[in-house]
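Single-letter residue listing:
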Amino acid sequence: MKMVWAILRKEDEETTTHALNDSGYVVTKLATTGAFLRKKNVTLLIGTEDEKVEKVIDILRSHAGKRNKVVYAPPTTMPGLTYTGNMAPINETIGGATVFVMDVDRYCKI
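To start, this report covers the structure provided alongside it.

Rules and cut-offs
- Residues numbered from 1 in each chain as written.
- Predicted model: local features only at pLDDT ≥ 70, side-chain atom pairs only at ≥ 80, totals over all residues.
- Heavy atoms only, no water.
- Salt bridge = Lys/Arg side-chain N within 4 Å of Asp/Glu carboxyl O.
- Helix = DSSP H or I, 4+ residues; strand = E, 2+ residues; numbered from the N terminus.
- Buried < 20%, exposed > 50% of the residue type's maximum accessible area, 1.4 Å probe, protein only.
- Axes fitted to C-alpha atoms, helices over the stretch in contact; angles between N-to-C directions.
- Parallel < 35°, antiparallel > 145°, perpendicular 65-115°, else oblique.
- Left-handed = near helix turned anticlockwise from the far one by under 90°.
- Contact = heavy atoms within 4.5 Å.
- Nonpolar A, V, L, I, M, F, W, Y, C, P; charged D, E, K, R; others polar.

What to know about the pattern of salt bridges
Per the counting criterion, the structure on display carries six salt bridges. A salt bridge links Asp103 to Lys2, with the shortest nitrogen-to-oxygen separation between them at 2.2 Å. Note that Asp103 is positioned in strand E6 (residues 97–103) and Lys2 in strand E1 (residues 2–9), a separation of 101 residues in sequence. Judged by relative accessible area, which is 19%, Lys2 ranks as buried. Ionic pairing is found between Lys52 and Glu49, a salt bridge with its closest N-O pair at 3.7 Å. Several salt bridges share partner residues, and in doing so they unite Lys10, Glu13 and Lys29 into one network.

Comments concerning the packing of helix H1 (residues 13–22) against helix H2 (residues 53–64)
It is at 9 Å that the axes of H1 and H2 come closest, and there the two elements cross at 150°. When the axes of H1 and H2 are compared, the pair comes out roughly antiparallel. Here H1 and H2 pass one another in a crossing that is right-handed. Two secondary-structure elements touch here, H1 through Thr15, Thr16, Ala19 and Leu20 and H2 through Val56, Ile59, Leu60, His63 and Ala64. The residue makeup of the contact of H1 with H2, split by class, is six nonpolar, three polar and no charged.

Structure below.
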C-alpha cells in the first residue's frame with residue numbers, strides 16, 4: 001500500500017479531485033499555503049495499492065500538471081507615457097504539482 005501526497009494549486013483542486021473520485025480513489029484534502037508567494041494550495045492525500053500509483057500520478061499530471069496559458073499585459077512604458085495600443089500576449093506557465101509517494105506499513109479503518 002502507498003500514500004500519495006500531492007500539493008497543487010487551489011484552482012486545480014476541484015477538477016483533480018473529481019477526476020480521482022470518478023476513477024475510484026478516495027481523497028482527503030488539506031488547505032495549505034505556499035511559502036514563497038503565499039499562494040493558496042491544497043494537499044491531497046490518496047491511499048492506494050502499489051500497482052495503482054502510476055494511474056494516480058497520470059490523473060494528477062493531466063488535471064494539475066504544468067501547462068501554458070496566454071495572458072495579456074500592457075507593454076512596459078517609460079514613466080509619464082501612456083500606451084494606447086494593444087495588450088501584449090505573454091506565455092505563462094501555470095499549474096504543476098509536487099507529489100510524494102510513501103510506503104504505508106499499516107492501514108485500518110476504525
